[in-house]
Amino acid sequence: KGEPVSGIEVSWEVREGGGSVSPESGETDGEGRTSTSWTLGEASGSQVMMASAGDLEVTFQAEALEPEPEPEPEPEPEPAELRVVSGGDQEGPPGGTLPEALVVEVVDAEGDRMSGIEVSWQVREGGGSVTPESGETDGEGRASTSWTLGGAPGSQVVVASAGDLEVTFRATAEPETGVRVELSSPSPTNEFIVAVDGGSFGTTPQVSNVEGTSMTSASLLLNLPSGSDYRIRAIAVDPRGGSGTFPIMFASGKQEGVSVETDALTEVSVDLEPVTVEISAPSTVNGGEPIEISWTYTDPGAALDRPQSRLDGRVNYASTSNLDLTGSQVSAEGTRISDTEFRFTATFTAPSTPGTLPFQVSAQTFPLSIPGTSRAGWFVDPSVARGESRLSIEVR
């Protein structure tokens, strides 16, 4: 009658071409049907699978086609040009680092910038060095290096290369003329001030400065007219100085008789030493009694030789307390002890009310005027030096 028969076992078997079936057997369902999945063998051509149920068989055929070839990948763009962006034709002192970095960019045939391209840097003439010696171009197709010139004056050359592409950078090492001053201070400073007199300047100083943050050393090139002798003096400004506050000069120093010849570089070192104040005073006094405070001001730089400068010593009432100190600021005359030391003495009467008197004791050289300068004399003249210290006296 041709009615569907359920529950009949059917087996599946690959006869030609390899491959596999899954499942390899199964029973017919309510509609008399069963199925499997056929995975062809790897070889191309005709392949055969057979299904059987007892003595009954049926054959399935399939054709395994040749796989389609993978598409050829598009070729990566190649660097077509290496260009100089900046840093060429600079000048600097022999052995110095040029202020501007050497910068190149790499582009393809379409003129598009290329990132990730290795660029090498090589000194070809004049010695010196580059840092780094190689690196990849960034997202803008650029690479850079810093060039430190060789020690000999004259033309020097660095070559940048990317594969077969090359560009050349040239620089000239020009010998420095004048005086290079190396400054050093035992304490951090935010500014060194250097003054030069003598030679073509006479007694009117040429003033230069170096600013920074917490510096203990600095280098300054002074382009002085050659063929003369000069005096170079320097101070370091205490960073506690602020707007409306006298900048405390905590160090001073000088170099006498520096000679500058034509086309010659003179090296001068100025080591600044601390200015100090040492105090002698009673720790306790009775109310109404005289208080005598003496202190010694020491300036190792011997910067107290300017004729237009005066020496000033002061005692200041340092902070508010429960005592009323009339005449809290007392000036004192200094007595020279040596070329670098002065002694001061100040006397006043203690208040009658018991308590603590906090004092600040200081001494400084203070120029009255600096001819030919528009800035305040005390600020530009390195004969200024200031030292200070603090103490407290108990009143009983």
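The rules behind these values
Residues numbered from 1 in each chain as written. Predicted model: local features only at pLDDT ≥ 70, side-chain atom pairs only at ≥ 80, totals over all residues. Heavy atoms only, no water. Helix = DSSP H or I, 4+ residues; strand = E, 2+ residues; numbered from the N terminus. Buried < 20%, exposed > 50% of the residue type's maximum accessible area, 1.4 Å probe, protein only. Contact = heavy atoms within 4.5 Å. Areas by Shrake-Rupley, 256 points an atom, 1.4 Å probe, with all protein chains shown as cover. Salt bridge = Lys/Arg side-chain N within 4 Å of Asp/Glu carboxyl O. Phe/Tyr/Trp six-rings, centres within 6.5 Å; stacked < 30°, edge-to-face > 60°. Pairing = 2+ DSSP bridges. Axes fitted to C-alpha atoms, helices over the stretch in contact; angles between N-to-C directions.

Enquirer: Would you explain the overall build of the protein chain in this entry?
Expert: Check the secondary structure of the protein chain and you find one helix and 30 strands. In the protein chain, buried positions account for 38% of the 396 residues. Here the analysis covers contacts within the protein chain between residues at least 6 apart in sequence; of these, 62% occur between residues at least 24 apart. For the protein chain, the accessible area works out to roughly 21200 Å², and carbon and sulfur atoms hold 45% of it.

Enquirer: Help me understand the pattern of salt bridges, please; the structure alone is not making it clear to me.
Expert: It is possible for side chains of opposite charge to pair when their charged atoms get near one another. Summed over all chains, the structure comprises 10 salt bridges. The salt bridge partner of Arg-124 is Glu-166, with a shortest N-O separation of 3.3 Å. In this pair, Arg-124 sits in strand β10 (residues 118–125) while Glu-166 sits in strand β15 (residues 165–173), placing the two residues 42 residues apart along the sequence. The class for Glu-166 is partly exposed, based on a relative accessible area of 49%.

Enquirer: What is the right way to look at the packing of aromatic side chains in this model?
Expert: Each aromatic ring pair is described using two quantities: the centre-to-centre distance and the angle formed by the ring planes. As enumerated under the stated definition, the model contains three aromatic pairs in all. Taking 6.0 Å as the distance between ring centres and 45 degrees as the angle between the ring planes, the aromatic pair formed by Trp-12 and Phe-60 counts as tilted. Of the two residues, Trp-12 is situated in strand β1 (residues 9–16) and Phe-60 in strand β6 (residues 56–64); the sequence distance between them amounts to 48 residues. Overall, the relative accessible area of 11% leaves Trp-12 in the buried class.

Enquirer: Sorry if this is basic, but what is going on with the sheet that holds strand β3 (residues 25–27) here?
Expert: Where strands meet in a sheet, backbone hydrogen bonds hold them as pairs that are either parallel or antiparallel. Within the open sheet, the four strands sit side by side as β3-β1-β5-β6. Their pairing is antiparallel. Two strands bound the open sheet, and with one partner strand each, they are β3 and β6. Sheet twist, expressed as the average angle between the axes of neighbouring strands with direction ignored, equals 25 degrees. Pairing geometry for β1 and β3, over three bridges, is antiparallel. When the sheet's bridge partners are listed, Val-10 is paired in β3 with Gly-26.

Enquirer: Looking at this model, I keep getting lost on unusual backbone geometry. Mind explaining?
Expert: With the exception of glycine, most residues fall at negative phi, and the peptide bonds are largely trans. With an omega dihedral of 0 degrees, the bond running from Ser-22 to Pro-23 counts as a cis peptide bond. Its place among the elements puts Pro-23 in the loop between β2 (20–22) and β3. Note the cis peptide between Thr-131 and Pro-132, where omega equals 0 degrees. Topologically, Pro-132 is positioned in the loop between β11 (129–131) and β12 (134–136). Even without being glycine, Asp-89 reaches a positive phi, approximately 55 degrees. With respect to the helices, strands and loops of the structure, Asp-89 is situated in the loop between β7 (81–86) and β8 (90–92). Judged by relative accessible area, Asp-89 falls into the exposed class, the value being 69%. You will see that Ser-214, though not glycine, has its phi angle at about 50 degrees, which is positive. Here Ser-214 is to be found in strand β17 (residues 206–222).

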